[in-house]
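# Coordinate analysis (summary)
As a plain string of letters, each chain reads:
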Amino acid sequence: MAVRFSSLAKPQGTWWHPLGRDERLWGALAVIWGLAMFAMIVFIWPAIGREQNQIQSYRIAPATFGALTDQFIETYQVGEIDGVPVVAPPPGSDVYLEARAFAWRPVIQLKRGETYRFLISSRDVQHGFSLVMAPHSINFQVLPDYVTVIQLTPEEAGEYPIVCNEYCGLGHHLMLGRIIVTE
Amino acid sequence: MQAVAALQRRCQVTGLLVDRSAERLIMANAVTAVVYLAIGGLLALLIALTRWQAIHLLPYESFYAFVSTHGMVMLIFWIIFFEVAGLIFGSTVLLSARMVVPTLGWIAYGMMLIGSVVATYLMVTGQAIVMFTSYPPLKAPPLYYAAVLVFAVGAILAVVHFIINLVGARLRGDVGSLPLFTFALLGAAIIALWSLLAGAAALLPVFLWTVGLVPSVDPGVYRLLYWGLGHGAQQINLAAMVAVWYGLASLTTGAKVVNEGFSRIAIVLYVLFINMGAMHHLQVDPGIGTWVRNVNVSYFMYGAVIGSLIHAFSIPASVELAMREKGFRQGLFTWLRRAPWGEPGFAALVTSLFLFGVMGGVSGVIIGGPFVNMISHNTLLVPAHFHMTVVAGTTAAFMGISYYLVPLIFQRQLVLRSWARLQPYVYALGMTIFGLGMGLAGHWGVPRRHWDITFSTARALRTDIFEQPEIAVFLAGLGIGAIIAVIGGAMFVAVIVGTVLLGRRTATPALGKIAPEAFLPVPIAAGGSDGEVSAAEPSHEGFEVPGALVLALAFLALFALLYAISWYELSSVPWGIH
Ligand code: HEM
Ligand SMILES: [Cu+2]
Ligand SMILES: [Cu+2]
């Protein structure tokens, strides 16, 4: 039988011995499970899932992004809630969403079942885009100098709050936005 | 009695040679660690009672200041001071070796102390409310970054000192192969060097930016470098905790490592694969390509997961083997039933291993994937996950081993032993309720680091999305669990502080039912005779540790089930994302 040592003692002599039957079985299962999870992430979910993580991004100066957002609001504005402009961009279009301490702008009105390309960035510090549809939420990191680009397809009508879930300063808990999905 | 001036003493309990200067350094680091734990625990209670929305204790400014301080003081200061004490112990006392350059140890300690005191002061007084992550361009005063950098350099020196001690012991012939405990710490030390350097590389430019020497810092690059530290640091904690797990198993049951090679390979897997896993904090960040992200968080990270799965089997297996050798051979689980459940070290081992594995590890792998991360990033599920790893796991394990190392190093009798026996269970119970409540609230979308999810003071676009009865129940769980866990933490602090200040001085502190010969490289004698002892050799189809194998298989099945549920949950998100 193998000579074994306490984990607190210096092992003496040759302590290397081949794996026993128990260890071989467990080791094989651990490797198989690791490979299974790897396959799930790299091959299986990308092929079958409706919720994909294919964030694209590029760099942009915060002021430039702010100007693009202004232009976007000007083009598609349909109203105002609580002083925040509401926009209704056509299906398939680009949607600009700007975070700043402590607000999201604009409020966005979408059509159910249509796909929109969201471009999200920050004017000042880091923020967290968190679109809440309890019991779930969809979350992306938002950085100044970078645009986070994702395509979203709302499949259910309703009002969805956007909260900020990256600490961005003492007014972090005041920061709200909204997406309205209509039929 | 040996003269105070003697450079070394022979421990009368373990037979180890204790270097006096190492002993003093261990004391200083350990005491500092416990002080930070106590501060962090008090803040924990306050912020938890604020997150429990029904109570909502603190005003917003103190809440954010205290969350910042709590994260820093706990995750960085309590853990790293304790780990440095462990590194000194593992590289000197445990090897019966001398400490090579005590001065270096004191310089490291001094820098860590100054850096940590200044950073804590700035945070708790509300001058640096940037959370421990301090993501730019959020800005704290330059002194804050300077303090953190001084701390980090001190910690790097402590790690270098550990490696110097090992090399010195090796050159003097004090040690051939390292004990597994020290080997795991060596793994932790290698990861530590790499991570602390990444951390310094992240923070130095920010410091320069705050004093006006560079015009700006790139927030994306900062995050990448920062999580080289932040993620690596968790792997340091993991490796150190695994060292403590093996140590507690040997100490409380006389366990010998089932297969040294197997366990050491698992440590090497940590060292090799973990830095790639750093990217799993950036899965919903801009600036990173899909392929890089997927491969880093999956293939490479699972190399480290396999390492953890190996320990998840090896540690129970070592205990089973030791108990069977003592005669508890009947059936699958007699060895487990007859294990020393009343021994604080064993209780800490079991609760820590269980909560870390089942709640911390599994949740980490699940939310660490790039797809499921989209529904968990920055929700309360994230702190729920890491409180199950670094609190219910690492902190509980460190508490468990303190019940032995503190009496041995301070040469004092442990006080309040009955509290110590109960403490691991109280802490684990509190953490379980806390973790479930916090995790479920997070799954319902409740954000982390957030003062008011009713948005009562928001000026525009208010919502009541979080005002659902389920969420109120989950947050009550968070609060009630926190109260219980803080009581458990306070019991630990009381026992340790009481022992250090009031414990009877003795060269042979009684340590409970442990196997002191665990420190010596001789085969541990089999003992114990009991009604359930049978002389028959185990048959169990040739498996040496059938009980541990069954436990491990049950764990894997639960893991697979929760993993499957997480994909189901993702698939039920009513929006398409691509
Ligand atoms: C009784 C024990 C503890 C309780 C009740 C507790 C409670 C909490 C609570 C309520 C939060 C705030 C979560 C949020 O709003 O985002 C938090 C954050 C945190 N805790 Fe603990 N905690 C405990 C122990 C610990 C320990 C021992 C550690 C580290 C070793 C730790 C590390 C952290 C960290 C790193 C954060 C994140 C801070 C941030 O988001 O910047 N906690 N804890
Ligand atoms: Cu924000
Ligand atoms: Cu925020």
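All values derive from a computational prediction rather than experimental measurement. Every residue gets a number counted from 1 within its own chain, in the order that chain's sequence is written. Lettering of chains starts at A and numbering of ligands starts at 1, both following the order in which they are written. It should be noted that, the model being predicted, local features are given only for residues of pLDDT at least 70 and side-chain atom pairs only at 80 or more, the latter also being counted only at that level, while totals for whole chains, interfaces and linings use all residues. Excluding hydrogens and water, the side-chain figures rest on all heavy atoms present in the structure.

### What about the overall build of chain A?
We apply this condition: Starting at the N terminus, helices and strands are each numbered in turn, a helix being any DSSP run of H or I of at least four residues and a strand any DSSP run of E of at least two. Two things to know: the radius of gyration comes from C-alpha atoms, and the globule rule equals 2.2 Å times the number of residues to the power 0.38. Think of it in three bands: residues with accessible area under 20% of the maximum for their type are buried, residues over 50% are exposed, and the middle band is partly exposed, with areas taken using a 1.4 Å probe on protein chains only. Throughout, a residue-residue contact means that at least one pair of heavy atoms, one from each residue, lies within 4.5 Å. Using the Shrake-Rupley algorithm and a 1.4 Å probe, accessible areas are obtained, with residue cover drawn only from the displayed protein chains. Positive: Lys, Arg. Negative: Asp, Glu. His and the chain ends are not part of the count. Throughout, a charge is located at the NZ atom of Lys, the CZ atom of Arg, the CG atom of Asp or the CD atom of Glu.
When helices and strands are tallied, chain A shows two helices and 12 strands. Counted from the first residue to the last, chain A has its helices and strands arranged as α-β-α-β-β-β-β-β-β-β-β-β-β-β. In terms of C-alpha radius of gyration, chain A reaches 25 Å, well past the compact-globule figure of 16 Å for 183 residues. A total of 183 residues make up chain A; the buried ones form 57% of that total. A separation threshold of at least 6 residues defines the contact pool for chain A, and within that pool the share at least 24 residues apart is 57%. Working note: accessible area of chain A is about 6900 Å², and carbon and sulfur atoms make up 55% of it. Averaged over its 13 positive side-chain charges, chain A has a centre that lies 12 Å from the centre of its 17 negative ones.

### A few points about the environment of B:Leu321
In this fold, B:Leu321 is placed in helix α8 (residues 290-325). Assessed through its relative accessible area of 10%, B:Leu321 is described here as buried. Expressed as a C-alpha distance, the spacing of B:Leu321 and B:Tyr109, which sit 212 residues apart in the sequence, is 40 Å. What B:Leu321 contacts, discounting residues up to four positions off in sequence, is A:Arg4, B:Val258, B:Glu544 and B:Val545.

### A word on helix α7 (residues 260-277) of chain B
Residues and elements named next belong to chain B. Operational definition: In this analysis, the expected span of each helix is defined as 1.5 Å times one less than the number of residues it contains. Each polar contact in these results corresponds to two N or O atoms within 3.5 Å; when the atoms are within protein, one needs to be able to donate a hydrogen and the other to accept it, and residues that are neighboring in sequence are counted only if both atoms are side-chain atoms.
An ideal rise of 1.5 Å per residue puts 26 Å on 18 residues; α7 measures up with 26 Å between its terminal C-alpha atoms. Among all positions of α7, only Glu260, Gly261, Phe262, Ser263, Arg264, Ala266, Ile267, Leu269, Tyr270, Phe273, Ile274 and Gly277 are buried. With a side-chain oxygen positioned 3.0 Å from the backbone nitrogen of glycine 261, the residue opening α7 is asparagine 259.

### Some remarks on the interface of chain B and chain A
Note the following rule: Throughout, buried area stands for the accessible area (probe radius 1.4 Å) lost by two parts on being put together, summed over both. A pairing counts as a salt bridge when a side-chain nitrogen of Lys or Arg comes within 4 Å of a carboxyl oxygen of Asp or Glu. Amino acids outside the nonpolar list (Ala, Val, Leu, Ile, Met, Phe, Trp, Tyr, Cys, Pro) and the charged list (Asp, Glu, Lys, Arg) are all regarded as polar, and Gly is one of them.
Contact residues are listed per partner, giving 117 residues for chain B and 93 residues for chain A. For the chain B and chain A pair, buried surface summed over both sides reaches about 9700 Å², with 66% attributable to carbon and sulfur atoms. Counting the surface chain B buries against chain A, the share from its top three residues, B:Leu461, B:Trp575 and B:His578, is 11%. In this structure, the connection of chain B to chain A is made through four salt bridges. Note that B:Arg223 is salt-bridged to A:Glu166, the shortest N-O span being 4.0 Å. For the side of chain B that touches chain A, the element with the highest residue contribution is α8(B), accounting for 14 residues. For the side of chain B that touches chain A, the per-class residue count stands at 72 nonpolar, 27 polar and 18 charged.

### Description of the side chain of A:Glu23
Tracing the backbone shows A:Glu23 in helix α1 (residues 21-48). The buried charged residue A:Glu23 lacks any salt bridge partner; its closest oppositely charged side chain belongs to A:Arg4, at an N-O distance of 5.4 Å. Within the structure, A:Glu23 has its side chain in polar contact with the backbone nitrogen of A:Gly20 (distance 3.1 Å). Discounting residues that sit within four places of it in the chain, A:Glu23 has contacts with B:Val258, B:Asn259, B:Phe262, B:Phe313 and B:Glu544.

### As for the coordination of the copper ion (ligand 2)
All names here are of chain A. Convention followed: For Na, K and Ca the donor cut-off is 3.2 Å; for every other metal, N, O and S atoms count as donors within 2.8 Å. Water does not enter the count, which can leave sites looking incomplete. The geometry test gives tetrahedral to four donors whose angles all lie between 85 and 135 degrees, gives square planar to four donors and octahedral to six donors whose opposite members are over 155 degrees apart with all other angles between 65 and 115, and gives irregular to the rest.
Taken together, the protein donors to the copper ion (ligand 2) comprise His127 (ND1), Cys164 (SG), Cys168 (SG) and Met175 (SD), at separations of 1.9 to 2.6 Å. Angles of 97 to 135 degrees at the metal separate the four donor atoms of the copper ion (ligand 2), which places the site in the irregular class. Taken in sequence order, the residues that donate to the copper ion (ligand 2) follow the motif H-x36-C-x3-C-x6-M.

### Brief notes about the packing of aromatic side chains
Two descriptors summarise a pair of aromatic rings, namely the distance from one centre to the other and the angle between the planes of the rings. Note the cut-off: Working definition: rings of Phe, Tyr and Trp (its six-membered ring) pair if their centres are within 6.5 Å, and the pair is stacked with planes under 30 degrees apart, edge-to-face with planes over 60 apart, and tilted otherwise. Whether a charge sits over a ring depends on NZ of Lys or CZ of Arg being within 6 Å of the ring centre and within 35 degrees of the ring normal.
Inspection of the entire model under this criterion finds 37 aromatic pairs over all chains. Seen from their ring centres, A:Phe38 and A:Phe43 are 6.1 Å apart, and the 80 degrees between their planes marks the pair as edge-to-face. Classification of A:Phe38 as buried rests on a relative accessible area of 16%. Aromatic pair A:Phe65 and A:Tyr96: ring centres 5.7 Å apart, planes at 55 degrees, arrangement tilted. Taken as a pair, A:Phe65 in helix α2 (residues 62-76) and A:Tyr96 in strand β4 (residues 94-100) lie far apart in primary sequence, 31 residues in all. Here the two residues A:Phe65 and A:Tyr96 agree in accessibility, since each one is buried. Members of the aromatic cluster, joined through ring pairs, are A:Trp33, A:Trp45, B:Phe371, B:Phe555, B:Phe559, B:Tyr563 and B:Trp567. Directly above the aromatic system of B:Phe543 lies the positively charged group of A:Arg21, at a separation of 4.5 Å from the ring centroid. For the cation-ring pair, B:Arg223 lies above B:Tyr135, with the distance from its terminal atom to the ring centre recorded as 4.5 Å.

### Thoughts on the packing of α1(A) against helix α14 (residues 546-571) of chain B
Using the following cut-off: Only C-alpha atoms enter the line fits that serve as axes; for helices the fit covers just the stretch in contact. Angles between N-to-C directions range over 0 to 180 degrees. Note that the term roughly parallel is reserved for angles under 35 degrees, roughly antiparallel for angles over 145, roughly perpendicular for angles of 65 to 115, and oblique for everything else.
Between α1(A) and α14(B), the shortest axis-to-axis distance is 11 Å and the interhelical angle comes to 5 degrees. It follows that α1(A) is roughly parallel to α14(B) by the angle criterion. Contact with α1(A), carried on its side by A:Asp22, A:Leu25, A:Trp26, A:Leu29, A:Trp33, A:Met37, A:Met40, A:Ile41 and A:Trp45, involves B:Pro546, B:Leu549, B:Ala552, B:Leu553, B:Leu556, B:Phe559, B:Ala560, B:Tyr563, B:Trp567, B:Leu570 and B:Ser571 of α14(B) and no other residues of that element. Partitioning the contact of α1(A) with α14(B) into residue classes produces 18 nonpolar, one polar and one charged.

### A look at the nonpolar core
Keep this limit in mind: Buried Ala, Val, Leu, Ile, Met, Phe, Trp, Tyr and Cys residues that are joined via side-chain atoms within 4.5 Å together make up what is termed a nonpolar core.
Counting 270 residues, the largest nonpolar core has A:Trp104, A:Phe118, B:Trp78, B:Tyr144 and B:Trp575 as the members making the most contacts within it. In terms of residue count, the dominant contributor to this core is helix α2 (residues 60-91) of chain B (21 residues). The contacts of B:Tyr144, once residues within four sequence positions are left out, are B:Met72, B:Ala119, B:Leu122, B:Met123, B:Ala128, B:Val130, B:Met131, B:Phe132 and B:Ser134.

### As for the coordination of the copper ion (ligand 3)
Ideal values for angles at a metal depend on the geometry: 109.5 degrees with four tetrahedral donors, 90 or 180 degrees with six octahedral donors. Residues and elements named next belong to chain A. At 2.0 to 2.4 Å from the copper ion (ligand 3) lie its protein donor atoms, namely Cys164 (SG), Glu166 (O), Cys168 (SG) and His172 (ND1). For the copper ion (ligand 3), the four donor atoms are set out with angles of 86 to 120 degrees between them, so the coordination reads as tetrahedral. Mapped onto the sequence, the residues coordinating the copper ion (ligand 3) show the spacing C-x1-E-x1-C-x3-H. Since its relative accessible area comes to 0%, histidine 172 is described here as buried.

### Describing the site of ligand 1
All names here are of chain B. The criterion, for reference: For this purpose, a residue is taken to be near a molecule or strand whenever a single non-hydrogen atom of the residue falls within 4 Å of it.
Around ligand 1 lies a shell of 27 residues, among which Arg51, His70, His387, Arg448 and Arg449 are the nearest. Between arginine 51 and ligand 1, the recorded distance is 2.9 Å, taken from a side-chain N or O atom to an oxygen atom. Within the side chain of histidine 70, an N or O atom sits 2.8 Å from a nitrogen atom of ligand 1. Of all the elements in the fold, those that place two or more residues in the shell around ligand 1 are α1 (20-51), α2, α11 (381-410), α12 (417-443) and α13 (469-502). For the shell around ligand 1, the residue count by class is 20 nonpolar, four polar and three charged.

### A look at the UniProt feature "domain: Cytochrome oxidase subunit II copper A binding" (unreviewed entry) in chain A
So the rule is basically this: UniProt positions are given in the numbering used here, feature names are shortened, and annotations may be inferred rather than shown by experiment.
Listed under "domain: Cytochrome oxidase subunit II copper A binding" (unreviewed entry) in the UniProt record, and renumbered for this structure, are residues 92-183 of chain A. Secondary structure content for residues 92-183 of chain A is 0% helix and 64% strand, and the end C-alpha separation is 15 Å.

### Focus: the UniProt feature "transmembrane region" (unreviewed entry) in chain A
Under the present numbering, the feature "transmembrane region" (unreviewed entry) in UniProt falls on residues 25-48 of chain A. As annotated, residues 25-48 of chain A comprises 100% helix and 0% strand, and the C-alpha atoms at either end are separated by 32 Å.

### Overview of the pairing of strand β7 (residues 116-122) of chain A
Successive side chains on a regular strand alternate, one facing one side of the sheet and the next facing the other. All names here are of chain A. For the record, the criterion: Strands qualify as paired when DSSP identifies two bridges or more between them.
Counting buried positions along β7 gives six out of seven residues, so the element sits mostly inside the fold. By the bridge criterion, six bridges tie β4 to β7 in an arrangement that is parallel. Note that in β7 the partner of glutamate 98 across the bridge is serine 121. Bridge count between β7 and strand β10 (residues 146-154): five bridges; the pairing is antiparallel. In the sheet register, isoleucine 120 faces β10, and the bridge partner there is threonine 148.

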